[in-house]
Amino acid sequence: MLVLGIETSCDETSSSVVHFKEEGSFPIILSNIINSQSKLHSRYGGVVPDLASRAHVEVIQPVILESLDEAKISLDDIDLVAVTRGPGLAVSLLVGISIAKAIAWSKGLPLIGVNHLEGHIYSLFLNTKSDMDESLIDQKALFPSFPHLSLIVSGGHSDFYRVEEDGKILHLGGTLDDSIGEVFDKISVAMGIGYPGGPVIDMLYREFIRNNENSSIVFPRPYLKDKFYDLSFSGLKTAVLSHLQALGLYDFASRIPPWERKVEISGQTSREIAASFQEAAVDVLVTKSKMILERENLNSITVCGGVAANSLLREKFHNMESELGTSVFFPTLQLCMDNAAMIACAGGYKFMREKQENFMEFSNMDVDPRWQI
Ligand code: KG4
Ligand code: ZN
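What you are looking at is a predicted structure, and each value in this text was computed from that prediction instead of being measured.

The sheet contact formed by strand E7 (residues 158-163) and strand E8 (residues 169-174) spans 5 bridges and is antiparallel. Paired with Asp159 across the two strands is Gly174, which belongs to E8. Count of turn residues in the E7/E8 antiparallel hairpin: 5 residues, of which Gly167 carries a positive phi of about 95°.

This is the structure:
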């Protein structure tokens, strides 16, 4: 079965072809084209919905055609169309869902609406073409077994899920305020070092380590012991902004944009703040995950979403393998960010599990910007 996946929930326009070969083997990515709008939104320090929507309209068609070309197939070879239906920005989601409906209708194909978060969880079940020599690979060892804990850390979410073999996903808890990706982005904008914040802060952290620098700053680690499955990052964000304010580099009252500030933040200060913040954020995520694994009696965790690209997060989670014998799985860096291969993957599995008739009435399908699992 060849699945065409389409993803436009936020600021990435993506199309992918994924091949489900036979039962028991993991789907293979034949193409996964991602057109990121982050440059377009960087000057605003966040995603501007109208601009995002217009940019999706401009590139969606060439992105889909490129994904078919790279997979060396045409629309006539596709068996199923899978598209993100939510959560996300309504005006962005609409672009993907409209073109997905048009393709499905014109080719008489079934169409399936996929939850974006489920997509991130399924990003762990994808094979890349280089993995195709299956005779050499113990496939099962490369993929998480069931049940397992899944942590989604992205620009919109910081949530824990229990994932069962039959496709059931149970939401255990998550952030009560800001998502961790949002905090990376806000701090980075306040420091005037760019948007999106995650990659820049991570880069400053690595420079800090490489230079053998030390930090005297200890930011708070909110473990919320009374709200066992939940997270909270707004206190950590406020602590970083207060630290910047005390140095005269931020002003809560006027929120002066960094480029209008009289004082320039020095390289050493930005490295120290970035590293101390990143260490606190990662500590909270790792500690909470350990607590939840124990309480849920699970021995396997997947970490997905944009923030899963973070180098310290990957390092600290992988340490859990030797310390606790926990199996830890991360998607490849490309599959951490929003992409259509994960949507095709989640859609393909859902299609095989549920009855086909459910997916034929696509004229009724609508976006669901607040769709939670
Ligand atoms: O999953 P994603 O591409 O989009 C959403 O669904 O939100 O995640 C985007 C988020 C942004 O907040 C970005 O700053 C963050 O992922 N991010 C990172 C890193 N790379 C991207 N955060 C920390 N470290 C990184 N290396
Ligand atoms: Zn996402």
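Right, picking up where we left off after that structure.
This paragraph deals with the sheet that holds strand E3 (residues 28-36). Strand order in the open sheet formed by 5 strands is E3-E2-E1-E4-E5, and the pairing between neighbours is mixed. Of all the strands in the sheet, the pair left with one neighbour each is E3 and strand E5 (111-115). Adjacent strand axes in the sheet meet at a mean angle of 20°, parallel and antiparallel pairs treated alike. The pairing of strand E1 (residues 2-7) with strand E2 (residues 12-19) spans 6 bridges and is classified as antiparallel. Across the sheet, Leu4 pairs through a bridge with Val17, a residue of E2. Strands E1, E2 and E3 of the sheet are contacted by helix H2 (residues 49-71), whose axis makes an angle of about 25° with E2.

Let us look at the sheet that holds strand E9 (residues 300-304). Pairing is mixed in the open sheet, where 5 strands are placed in the order E8-E7-E6-E9-E10. Where the open sheet ends on each side, the last strands, each with one partner, are E8 and strand E10 (327-329). With strand direction ignored, the average angle separating the axes of adjacent strands in the sheet is 20°. Bridge analysis of strand E6 (residues 148-153) against E9 gives 4 bridges, and the strand direction is parallel. In the sheet register, Leu149 faces E9, and the bridge partner there is Ile301.

Parameters and conventions
- Residues numbered from 1 in each chain as written.
- Chains lettered and ligands numbered in written order.
- Predicted model: local features only at pLDDT ≥ 70, side-chain atom pairs only at ≥ 80, totals over all residues.
- Heavy atoms only, no water.
- Pairing = 2+ DSSP bridges.
- Helix = DSSP H or I, 4+ residues; strand = E, 2+ residues; numbered from the N terminus.
- Axes fitted to C-alpha atoms, helices over the stretch in contact; angles between N-to-C directions.
- Contact = heavy atoms within 4.5 Å.

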